[in-house]
Structure formats: C-alpha cells, structure tokens
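Reading the structure
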There are 2 protein chains.
Amino acid sequence: MKINFLRSKIIQIFEKHKLSKKHSKVCADYLIKAELIEAKSHGLTRLKMYCNRIKKKLINPKPKIKIKRISSSISYVDADNSIGFVSADIGVAQAIKNAKKTGVGLVAIKNSGHFGLSSFYAEQAVKKNLMVFCFTNAPPALAPYGAKKSLFGTNPICFGAPTGKTPFILDTSTSIINRGKIRHAHKFGKKIPYGVALNKFGKITTNAREALNGTQLPIAGFKGSGLAWMVDILSGVLTGSSHGGKTKDPFDDFSGPQNVGHLFITINPKIFIGNRYIKEIKKNIKLIKKLPKAKGFSSILYPGERKNNLYKKNLNKDILIPRKILQEMVELNVVK
Amino acid sequence: MKINFLRSKIIQIFEKHKLSKKHSKVCADYLIKAELIEAKSHGLTRLKMYCNRIKKKLINPKPKIKIKRISSSISYVDADNSIGFVSADIGVAQAIKNAKKTGVGLVAIKNSGHFGLSSFYAEQAVKKNLMVFCFTNAPPALAPYGAKKSLFGTNPICFGAPTGKTPFILDTSTSIINRGKIRHAHKFGKKIPYGVALNKFGKITTNAREALNGTQLPIAGFKGSGLAWMVDILSGVLTGSSHGGKTKDPFDDFSGPQNVGHLFITINPKIFIGNRYIKEIKKNIKLIKKLPKAKGFSSILYPGERKNNLYKKNLNKDILIPRKILQEMVELNVVK
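Residues numbered from 1 in each chain as written. Chains lettered and ligands numbered in written order. Predicted model: local features only at pLDDT ≥ 70, side-chain atom pairs only at ≥ 80, totals over all residues.

Each helix and strand counted, chain A has 12 helices and 9 strands in total. Taken over C-alpha atoms, the radius of gyration comes to 20 Å for chain A, in line with the 20 Å a tight globule of 336 residues would show. Principal axes of the C-alpha set define a box for chain A whose edges measure 55 × 45 × 45 Å. Look at the contacts in chain A between residues 6 or more apart in sequence, and 63% of them connect residues 24 or more apart. (Helix = DSSP H or I, 4+ residues; strand = E, 2+ residues; numbered from the N terminus. Rg over C-alpha atoms; globule rule 2.2 N^0.38 Å. Contact = placed C-beta atoms within 7 Å.)

And the structure:
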C-alpha cells in the first residue's frame, strides 16, 4: 500500500474512534514509522488493540493533557489516559524545551499508555541536538532474578546522542528479545528462537503462545533483571504510575487503563565542552568503525544506524500489509 | 588485620606518597569499603597500582580540583589528575547539593582516574534521599559488536534509589564479569569462568592472562556492546575526557595520566509525587519479594542488598590480607 494512502486510512480509523485530526496524525505517523524501520511488532499489528481500548473507554480519545511546571528544567505531565503516542510526543517536546533553556530537562508522564518505540521520542531530541534517555514500563513479561513468575515488563533502556549525522540511538529491551516479536510470531503462527523464554512450568519453549503465558528471560540473568527493575522504578515509581507488575497488558487486560509511566531526561551535550562535542563524537565513532572486523562482519554499525538505513530504504516503497491486518483495518474503518 | 589498624596503615602509605591527610583518609575508606563488601578486585589489590602511578607522576597527589558552576543544577569538575576516589567524592557531593537545591543535578568530571566502584558514590546520594546515575569509563576490555579488538571498558551502569531501608544500588558492568575479577584471578593464579572472555585469537579461554591480552565478552551481544558505547559517550565524550579506547590502563600503561571521565546525575525522587515516593517504592519491593521463588532461591534480593549484607557481616571482623598484598604494603610503607 502506498504510504500516503495508508496514512490517510489510519488517520480515518483513529478519527472514527473519536481522536482529533491532530492526534490521529500523530498516531498514524508513529505506526508508519514502525513499519518503515521494520519493527512490525510495534506497527499496524497494534492498530486494532489501540482501537479496542478506545472503544472500551480505557484509552481516552479526547484527553485533557496537563503539563505542570515544576522548574524550568522539570515538568510533570498528566496524560489523562491518552493514547501513549500523543502524551509521549508532548512530553518529549517539553523535555527538549527544558534542556534548550537550562542544559538539562526532566519530564515525567503519568496516566499514559503504550507509546510504541522509545526510539521515536529519542530521535526527536537528538534531531534537536540533545542527548536523551527515554524510560517506559510495560506489562509483566520477565521474572525478576530469583522468581519464577513474570513481573517486570521488557522495560527498554533507550539513549540517544547527536553525531552530526545519523542519530546514535540505543533502544534495547532488558529481555533477550522484544515481547512484540513474540506477539507477532503468535499472530502469524511462527516459532520463537530457542532460549529466550520459558513456559509456565519453567521449561524453555519455542512456542509463542507458551512463551506469552510463561516468562521471558532477561539479558544476562541478575544484570538484566536489575536493569529492568531500575526502569520500573524510573518510569513507574518515580512518575506516580503503575509499577511492580501492575501495568495492564494492553492486548488482553480490559479491567482498567494501563497507567503507563514515561520518563525523559534531556541533556545539552555542549554544556561542558561546547562545540568540541561534535568533533569528539565524530572521532569516537571513527575510532570504533575502523577497528578490525570480527568474522562475518564487513562494518561496525552504531546503535540506530541499521534502523535508519531500513527507514531510508523503505521510504520510497509501498508497505506490504498482511491479509489479516488488512482485514482488521477494513473492519475498524466500518464498524463503530 | 583489624580494620582500624589497616586504615591507619593505608593512610600512612598514601601520606608517604604525598597525598594530604584528608585525601589519604578518603582513599583508605574506599579501599576498605571494597574489602568489606568482598569486591576484592577493587580493594587492596589496587593499592600498589595507585602508588605506582603517583610515583610516576601520573596521578597528582596534590591536585587543585576546580568546580565550575554552569547553573544551579550543573557543575563541571576538573580533577587535575587526582586519584579518582578524591575527585569522585567531591563530584558526587556537588551533584547531591545541586539536586537538593533544584530537583536535578548533573556533574561531569574530567582529568580523573580509576575511582573504585561506582556504588561508593551512588550510595552517598541515596543516603541523602536522592536517585542517582553514576557513569565512568575504563581502559579497553570489550570488543564492540562486530569488532575483534577490545576498545570499550567494562563501562558499568550504576543506578541508585532510596527505599527507606537498604539503598537500591544496581552497579553492573556491561561485560559478563568484571575486569577486576580477571586481574584478581591472574594475580593469584586462578582460572576464570568459561564463556566470559576470548584470547587474542578469538577463542574462548579460561586463562586469566590470555583473557587480559584478548577481549572480554559483553552481556547479550549487541545490547551490551551498545550499553558500553552509551557509557563511553556519557563519561568520555560528554565530559571532555578520554574515549574511543584511549583511556589508559592504570596497571600497565604509564605513557600519561588516565584522563578518566565520570558523570553523575542526581534526582530528587519526591519531585513528582512528594512523600508518596517512599510508600510506592516500599510497595514495589514488597510485591517483588513475595513472588514465588525459582528453584534454588529462598528469597529475592534487590540490587545492593547482597553487598550491604556482606558489609554488615564483615564490619566487625578482621580483614584477611593475602601474603602477596601484605608484602606490597610493607614495601610501599618503606620505600619512597
């Protein structure tokens, strides 16, 4: 499907679900962005989920989002149960503003929902020449180290930095693979890799449904578990949002809004060394890229480069939409 | 050896190496702290290294440390090649002050050296009721994903948060095991675990010397490599310090000062939700601790608890010092 046509269709669907034109455009752009960087688990496959939650009044299509100013660096956003894309979009814009003014920005968002990929927001800050951390929590998927039941989300750590060229954007879940990938495998009847998840009896499984009902494995045992716990504290506890396994699964828990929390930290990278920053980061990347390559590698990419290459490659192509999702889209556009 | 006696001996050694009484005490306390939490790789085993670097004029025993105020939140410390303990101690105190005043503190330190464990500094901020990130770089130990040569340090990610009880302190290197542990194994002729390091030909090795000459493996492949790169940017590039593999190894590179960089970010956790913070973090920990335990676990510990337990256990005992280190201490106290 042509990107522009797809965009107009998604906007239409969200407008039918009572989102404003402006918010519908924000959501459409992020969903398409996920498709273009081939993060399909965060793209159109979630459209029906978002619409379901709007219909069930768990996402507020007409949120009154309030930004409370705590200082010129710090702001607190009450998302009023908006769709995550919209509140995170507002939140990161505020974090950019704060860091531009004072050198450092800190913005917490409460009463939000799933916001797609953290890298969406990191990229905006980096394009405004800022460093940025983005933290968000997510529904239970990982067992804390020493437990046999899932509690943490796949809680990503996301960090961005300007490079003078393609943004450096690390966006890594603390699970071995993203939950979205398991959901996607489940939706399309595919297997998941060996060694990334356990079934509910604690045995390794490659069956996506069993993995969803069981628990995913954190990276590096107690290290990954500790990192996921850190993200739960930063995005859940600190922001006054859900935490400790209380973030509802957007796909199958309709008992209330998700109450997801997000935290953005923005830093002006010139604050200490001025214009030397860009010179140094370029030197850093150059030094690393020219290292002798390991077997099977022709180049060393920094985080964010691969996705940026995919984006550019796919930008002038049509987006292939699986029949199942096409059908969902038709239904979402008709039924109200 | 009795802790107090050991402390006086270490102070004596540092004073003989021209450190002020005040700075000698700071260094002694951190080295003893490392011993008490059984992080022996960061304790007395490094005493000779620090003294060697002072003798070779690579660590400045009488640094003129300057703190530049950038805003009430942001400070920039020039450590004047001090021993890392001293400048990091000053830096974290400033980061605490800044966050107490404004809610968020950001302190960069340049021209510093190895500062022991990040958790030393995180703990101070947490004890003042602040959340904290500590970042530092380190000499090459890890190959970037796709490279076959070490460039990143074991670049730890350290995060602390107040809990109302024992501080939550995650301090995790981005390598599978700490380099200090490999050095320690090397010093005492022990093997290292399988699968944590490669020799210089790219083969897995359990020989500590081969590992030191080869490369350590990052946690979770490109994820750990990306996290190490993030830490290199935050503590090296941003702070105007060494980066891109240019941080000198304190043990065997005497071609110049290390020029290590540190970054502290401090956050008042009450800034968004006030006194509810402590209630929520306690709830968070309680929810996680009561999860059903995995096989072989009788309890779930949060990051920092195990080390705190060791500290309390060892505080009233003598410290056992290997003969090799005792001898080093005798020599350091005599020879000048």
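So, next bit.
On to the interface of chain B and chain A. Reports of interface size often rely on the accessible area that becomes lost once the parts have come together. With 59 residues of chain B at the contact, the number on the chain A side is 60 residues. Broken down by element, the residue count for the side of chain B that touches chain A peaks at 8 residues, all from helix H10 (residues 276–289) of chain B. A breakdown of the residues in the side of chain B that touches chain A according to their chemical character gives 38 nonpolar, 13 polar and 8 charged. (Nonpolar A, V, L, I, M, F, W, Y, C, P; charged D, E, K, R; others polar.)

This paragraph deals with helix H1 (residues 3–16) of chain B. Residue and element names in this part refer to chain B. Taking 1.5 Å per residue, 14 residues should reach 20 Å; H1 reaches 20 Å between its end C-alpha atoms and fits that length. Considered for burial, the residues of H1 that qualify are Ile 10, Ile 13 and Phe 14. The arc that holds every buried residue of H1, seen down its axis, measures 95 degrees, which confines them to one face. Opposite its buried face, H1 presents the exposed residues Asn 4 and Phe 5, each directed more than 90 degrees away. Turning to H1, the residues buried within the fold contact helix H2 (21–36), helix H3 (47–55) and helix H12 (323–334). Downstream of H1 by a residue or two, Lys 18 has a phi angle that is positive, lying close to 80 degrees. (Expected span 1.5 Å × (residues − 1). Buried ≥ 20, exposed ≤ 12 C-beta atoms within 10 Å, placed from the backbone. Arc of directions from axis to C-beta.)

Moving on, we get to the environment of B:Asn137. Residue and element names in this part refer to chain B. For Asn 137, the position within the fold is in the loop between strand E4 (131–136) and strand E5 (157–161). Since 32 C-beta atoms lie within 10 Å of it, Asn 137 is described here as buried. Sequence spacing of Asn 137 and Ile 265 is 128 residues, and the spatial spacing of their C-alpha atoms is 15 Å. Among all residues touching Asn 137, those that are not within four sequence positions of it are Gly 153, Asn 155, Val 231, Asp 232, Ser 235, Gly 236, Ser 241, Ser 242, His 243, Thr 247, Val 260 and Gly 261.

Attention shifts here to the relation of the copies chain B and chain A. Between the two copies of the chain lies a rotation about an axis combined with a shift along it. When chain B is fitted onto chain A, the two copies agree to an RMSD of 0.0 Å after a turn of 180 degrees and an axial shift of 0.0 Å. Both copies are brought into coincidence by an operation consistent with a two-fold rotation axis. Looking at the rotation axis and the C-alpha trace of chain B, the residue lying nearest is B:Ala220, at 3.2 Å. Residue by residue, 100% of the interface of chain B is reproduced at the interface of chain A, so both copies engage with the same surface. (Least-squares fit on C-alpha atoms with pLDDT ≥ 70 in both.)

Residues and elements named next belong to chain A. In terms of domain boundaries, chain A breaks down into domain 1 (1–55 + 304–336) and domain 2 (62–175 + 218–303). Taking only C-alpha atoms, the centre of domain 1 and the centre of domain 2 are 22 Å apart. Taken together, the contact pairs 16 residues of domain 1 with 17 residues of domain 2. Those elements that provide at least two residues to the side of domain 1 that touches domain 2 are helix H2 (21–36), helix H3 (47–55) and helix H11 (305–314). By residue number, the principal contributor to the side of domain 1 that touches domain 2 is H2, which donates 6 residues. A class-by-class count of the residues in the side of domain 1 that touches domain 2 yields 7 nonpolar, 4 polar and 5 charged. (Domains from an automatic or database assignment.)

Residue and element names in this part refer to chain B. Counting through the fold element by element, Arg 306 comes out in helix H11 (residues 305–314). Judged by C-beta crowding, with 14 C-beta atoms within 10 Å, Arg 306 ranks as partly exposed. Sequence separation of Arg 306 and Thr 174 is 132 residues, and the distance between their C-alpha atoms is 19 Å.

Glancing now at the pairing of strand E1 (residues 66–69) of chain B. Residue and element names in this part refer to chain B. Taken together, the 4 bridges between E1 and strand E2 (residues 74–78) define a ladder with antiparallel strand orientation. Each bridged residue has a counterpart across the sheet, and for Ile 67 the counterpart in E2 is Val 77. What sits between E1 and E2 in their antiparallel hairpin is a turn of 4 residues. (Pairing = 2+ DSSP bridges.)

Let us now look at the nonpolar core. The biggest cluster of nonpolar side chains holds 172 residues, and the ones touching the most others in it are A:Val132 and B:Val132. Within the second largest apolar cluster, 26 residues are counted, among which are A:Ile192, A:Leu217, B:Ile182 and B:Ala220. (Core = buried A, V, L, I, M, F, W, Y, C linked by C-beta atoms within 7 Å.)

Looking now at unusual backbone geometry. Residue A:Asn81 is not a glycine yet carries a positive backbone phi of 60 degrees. Within the secondary structure layout, A:Asn81 lies in the loop between strand E2 (74–78) and helix H4 (84–102). You will see that B:Asp80, though not glycine, has its phi angle at about 55 degrees, which is positive. By the element assignment, B:Asp80 lies in the loop between E2 and helix H4 (84–102). By C-beta crowding, B:Asp80 is classed as partly exposed, having 17 other C-beta atoms within 10 Å.

Time to look at the confidence of the model for chain A. Residues with a pLDDT of 70 or more make up 99% of chain A, whose mean pLDDT is 95. Here the predicted complex scores 0.96 on pTM and 0.96 on ipTM. (pLDDT = per-residue confidence, 0-100.)

The sheet built from 7 strands is open, its strands ordered E1-E2-E3-E9-E4-E5-E6 (chain A) with mixed pairing. Each of the sheet's edge strands pairs with one partner strand only, and the pair in question is strand E1 (66–69) and strand E6 (168–172) of chain A. In this sheet, adjacent strand axes meet at a mean angle of 15 degrees when their direction is disregarded. Where strand E3 (residues 104–112) of chain A and strand E9 (residues 260–267) of chain A come together, 7 bridges link them in antiparallel fashion. Counterpart to A:Leu106 in the pairing with E9(A) is A:Ile265. In this fold helix H8 (residues 222–237) of chain B packs onto strand E5 (157–161) and E6 of chain A, with an angle of close to 135 degrees to the strand it touches most, E6(A). (Axes fitted to C-alpha atoms, helices over the stretch in contact; angles between N-to-C directions.)

Turning next to the sheet that holds strand E6 (residues 168–172) of chain B. All names here are of chain B. With respect to topology, 7 strands assemble into an open sheet ordered E1-E2-E3-E9-E4-E5-E6, the strand pairing being mixed. Both edges of this open sheet fall to E1 and E6, since each of them pairs with a single strand only. The sheet shows a mean angle of 15 degrees between the axes of neighbouring strands, taken without regard to direction. Judged from the 6 bridges that link them, E4 and strand E9 (residues 260–267) form a sheet pairing that is antiparallel. Across the sheet, Phe 135 pairs through a bridge with Leu 263, a residue of E9. Contacting E1, E2, strand E3 (104–112) and E9, H4 crosses the sheet at an angle of about 160 degrees to E3. Along the sheet, H8 makes contact with E4, E5 and E9, crossing E9 at roughly 95 degrees.

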